[in-house]
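Commentary on secondary and tertiary structure
Here is what each chain is made of, one letter per residue.
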Amino acid sequence: MRTLKTGLLTLCLTLGTLSSASAQTAAAVMGHRAALPYPTAETPNAIDLGPLTARTGTTPISVTIALHLPELNEAERLLKSLYTPGDPQFHRFLTASQFVARFAPADADVRRVTAVLAQYGLAARQTTATTLRVTGSPAAMERAFAVSLHSYEVPAHGNVPGYTFHAPLARPTIPSEISGLVAGLVGLDSRPSFRPRSIRALRSLARVQSTAASTSTPDPPGFWTVTDFADYYDVQPLYKAGATGSGRTLAIVTLASFTPSDAFAYWHAVGLTVSPKRLRIINIDGGPGAPSDASGSVETAVDVEQSGGVAPGANIIVYQAPNTNQSFLDAFAAAIDSNSAETLSTSWGEWEGFENLENGPVTDPITGQTVSFNQALHEQLLRAAIQGQSFFTASGDGGAYEANYDLGCYGPFSPSVADSCSLTLSVGSPGVDTAMTAGGGTTLAGVQKFCLNAACTQSFDVDVPHERVWAWDYLEGLCRVCARLLGPPIPSPVESSPWAAAEGLASSSPCPPTSLAFAAFNSASPISFSKGLDCFIPCRRSLLAVTSRMCRSMPIPTQAT
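The rules behind the values
Residues numbered from 1 in each chain as written. Predicted model: local features only at pLDDT ≥ 70, side-chain atom pairs only at ≥ 80, totals over all residues. Heavy atoms only, no water. Helix = DSSP H or I, 4+ residues; strand = E, 2+ residues; numbered from the N terminus. Buried < 20%, exposed > 50% of the residue type's maximum accessible area, 1.4 Å probe, protein only. Contact = heavy atoms within 4.5 Å. Areas by Shrake-Rupley, 256 points an atom, 1.4 Å probe, with all protein chains shown as cover. Axes fitted to C-alpha atoms, helices over the stretch in contact; angles between N-to-C directions. Parallel < 35°, antiparallel > 145°, perpendicular 65-115°, else oblique. Left-handed = near helix turned anticlockwise from the far one by under 90°. Nonpolar A, V, L, I, M, F, W, Y, C, P; charged D, E, K, R; others polar. Pairing = 2+ DSSP bridges. Polar contact = N/O pair within 3.5 Å; in protein donor to acceptor, adjacent residues only side chain to side chain. Core = buried A, V, L, I, M, F, W, Y, C linked by side-chain atoms within 4.5 Å. Expected span 1.5 Å × (residues − 1). Phe/Tyr/Trp six-rings, centres within 6.5 Å; stacked < 30°, edge-to-face > 60°. Salt bridge = Lys/Arg side-chain N within 4 Å of Asp/Glu carboxyl O. pLDDT = per-residue confidence, 0-100.

This part is about the overall build of the protein chain. What the protein chain contains, in helices and strands, is 18 helices and 23 strands. Each of the 561 residues in the protein chain was classed as buried or not, and the buried ones make up 57%. Within the protein chain, residue pairs in contact and separated by at least 24 positions form 76% of the contacts whose partners lie at least 6 positions apart. Total accessible area on the protein chain stands at roughly 22,500 Å², and carbon and sulfur atoms take up 55% of it.

In structure tokens form, the structure reads like this:
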């Protein structure tokens, strides 16, 4: 594998016109839509602008209602049987139509929900077997769900544009006539909620000296491409045997758009031959808007490029949606309802407690929780697993303390230490769901350089003798003092910050991050180096697409007698 150079990347971006016309057209359609910035620790507090009805009048808004699976317990039992070796139901997956016939809500129940909502002036349209799009004026929404909706504004800050959203002041209530049929009401809160799992590496990456003797990979960790990944993990023999993912379809659920030609330029630059018709883009709820750094477009570019690079023969469907709870759920529902992809992944998430709020910025984060989004999402993921669709997500670089990671603070809390907060266990969603495969990662062998400031004028080296499950235990003694002296952490170009581990966070984390970092194409900034589990998860699930095709053609071994 040849090392990528700046000139090569720029040239390929200039000449990278191999993407399909349909994908480019889909991207162009969204050009007039403003992309929503994802929230960060620097996002200003929202300003309450008052009642939504006073600002928008009768302009319609929409919500998504997810209907319960009537035989939810039976579906859970079937899921266990499908994935238990030796069980008579093992791997006897249902088709989408078989699932609908056996588990979907009855037509009579759908009509009942639609009729009750119509009494409040709301129009309901069935979008998938288990979800309804409900549309009406803000006043009608308030009457139906017993809430007061307010409009909020998040001011522009730095290079990030401002935006407005609406949210209820209190927990919504489903009309009693249909409450037993509804798994979730999502969309009364329209703020952008989710964060990409990627971490942007420093522009001047610290080189890492690899000590692994078994790899022919010339690029050091931190500068890898998909072909480096294939070299290091011995995937090349599979390619030579014809296992490239051909005949398989990968799906990506994402909350920011990307430029399709970037992906084709990347694949071309690393020497891959791919079909110009392999990429299909499906915009959910109108799509997420034009590509931008603030909305997380590099996350989508990384996911597409890594997935398509490790499985160069596979087709790819990108379900891209606005960054809201409602559209995230709608994207999952669409991808699962169509049952067009065998493996699916997402690299967006946040702490499950934040997803449960659904009540706007004025609601207490403890007493105001609902279970609507997480329950609705679980029933979608349950359906995917029963249909034989494998869903993967990054566990998140926050590990067992996702809330701290999302908020940009570090434990333990001390009133005298800025940017400190509690050590509340808070695993990220959707990785926490029992029907989702969440991936952790490893630390690669070699001398790892960790920077103590953004310019990397201060650094230290740690020799990791062999690849190992990610943990910060080898840094705890070294960093316990520097964490006190240097204040808030600055991410290393190869791994996330060591300061969290200095307080013992990593030792109890069930979801350790990965140290893999990858080069990616992003036309907004020609070379991007991103890291985190978002790099590992697309590669891992693409390997499944590659190997599953080969395994199906191999004879089943028999026991010797």
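Our next topic: the packing of helix α12 (residues 325–338) against helix α14 (residues 372–386). Where α12 meets α14, the closest approach of the two axes is 9 Å, and the angle between their N-to-C directions is 15 degrees. Between α12 and α14, the interaxial angle falls into the category roughly parallel. Regarding α12 and α14, the two cross each other, and that crossing is left-handed. Here N325, F328, L329, F332, A333, I336 and D337 of α12 come into contact with α14, specifically with F373, A376, L377, Q380, L381, R383 and A384. Considered class by class, the residues forming the contact of α12 with α14 number 10 nonpolar, two polar and two charged.

Within the open sheet, the three strands sit side by side as β1-β5-β6. Their pairing is antiparallel. The open sheet has two edge strands with one neighbour each: β1 (47–51) and β6 (163–168). If you compare each strand with its neighbour and ignore which way they point, the axes differ by 30 degrees on average.

With respect to the helices and strands, T131 occurs in strand β4 (residues 131–136). In this structure the side chain of T131 is engaged in a polar contact, spanning 2.8 Å, whose partner is the side chain of T127. Within the structure, T131 has its side chain in polar contact with the side chain of T128 (distance 2.6 Å). Setting aside residues no more than four positions away along its own chain, T131 makes contact with T64, I65, A66, R125, Q126, A333 and Q380.

Another aspect to go through is the sheet that holds strand β7 (residues 182–186). In spatial order, the strands read β3-β4-β2-β7; together these four strands make up an open sheet with antiparallel pairing. Only two strands of the sheet have a single neighbouring strand rather than two, namely β3 (123–126) and β7. With direction set aside, neighbouring strand axes in the sheet form an average angle of 25 degrees. Here six bridges tie strand β2 (residues 61–67) to β4, and the two strands are oriented antiparallel to one another. Paired with I61 across the two strands is G136, which belongs to β4. Across the sheet, α14 touches β2, β4 and β7, and the angle it forms with β7 is around 120 degrees.

Between helix α10 (residues 260–269) and helix α11 (residues 297–310), the least distance of the axes is 9 Å, while the angle of their chain directions is 40 degrees. In terms of their interaxial angle, α10 and α11 are classed as oblique. The two elements α10 and α11 meet at a crossing, and its hand is right-handed. Touching D262, A263, Y266 and W267 of α10 are V304, E305, Q306, G308 and G309, all from α11. Here the residues of the contact of α10 with α11 sort into four nonpolar, three polar and two charged.

Another aspect to go through is the nonpolar core. Judged by nonpolar contacts, the single largest core of 29 residues is most densely connected at V253, F328, F332 and F391. Those elements that place two or more of their residues in this core are β7, β10 (249–254), β12 (315–320), α12 and α14. Looking at this core element by element, the count peaks at six residues for α12. Not counting chain neighbours up to four residues away, the residues in contact with F332 comprise V253, T346, L377, L381, F391, P430 and M436.

Its 14 residues place the ends of α12 20 Å apart at the C-alpha level, agreeing with the 20 Å of an ideal helix rising 1.5 Å per residue. Counting buried residues in α12 gives 11 out of 14 residues, a clear majority hidden from the surface. Three or more residues of α12 are buried, namely N325, Q326, S327, F328, L329, D330, A331, F332, A333, A335 and I336.

By the criterion of burial, β4 is predominantly enclosed, with five of the six residues buried. Of the pairings in the sheet, the one linking β3 to β4 comprises four bridges and is antiparallel in character. Across the sheet, A124 pairs through a bridge with V134, a residue of β4. Between the end of β3 and the start of β4, which pair antiparallel, lie four residues.

The full count for this structure, using the stated rule, is 12 aromatic pairs. Measuring from centroid to centroid gives 4.5 Å for F194 and F328, while their planes differ by 50 degrees, and the two rings are tilted. Of the two residues, F194 sits in the loop between β7 and β8 (195–196) while F328 sits in helix α12, which places them 134 residues apart along the sequence. F328 shares its class with F194; the two are buried. Ring centres 5.0 Å apart and planes at 50 degrees place the aromatic pair F229 and Y233 in the tilted group.

This next bit is on α14. Owing to its 3.6 residues per turn, the α-helix brings residues three or four apart onto one side. Between its first and last C-alpha atoms α14 spans 22 Å; for 15 residues at 1.5 Å apiece the expected length is 21 Å, and the two agree. Among the 15 residues in α14, 14 count as buried, and that is most of the element. Residue G388 follows α14 closely and has a positive phi angle near 85 degrees.

Below, the discussion takes up the pairing of β7. Within β7, five of the five residues are buried, leaving the element largely enclosed by the surrounding structure. Pairing geometry for β2 and β7, over four bridges, is antiparallel. Residue pairing for β7: I65 is matched across the bridge by L185.

Under the criterion given, the structure shown has seven salt bridges. Notably, a salt bridge pairs R195 with E350, separated by 3.5 Å at the nearest N-O pair. Residue R195 is located in strand β8, and its partner E350 is located in strand β14 (residues 348–351); the two are separated by 155 residues in the primary sequence. As far as burial versus exposure is concerned, R195 and E350 are alike and both buried. Where salt bridges share partners, they join R133, D285 and D330 into one cluster.

Per-residue confidence for the protein chain gives a mean pLDDT of 76; residues scoring 70 or more make up 68%. Here residues 1–31 scores under 50 on pLDDT; set against residues more than four positions off or in separate chains, the count is 65 contacts. The low-confidence segment residues 550–561, where pLDDT is below 50, has four contacts with residues more than four positions distant or belonging to other chains.

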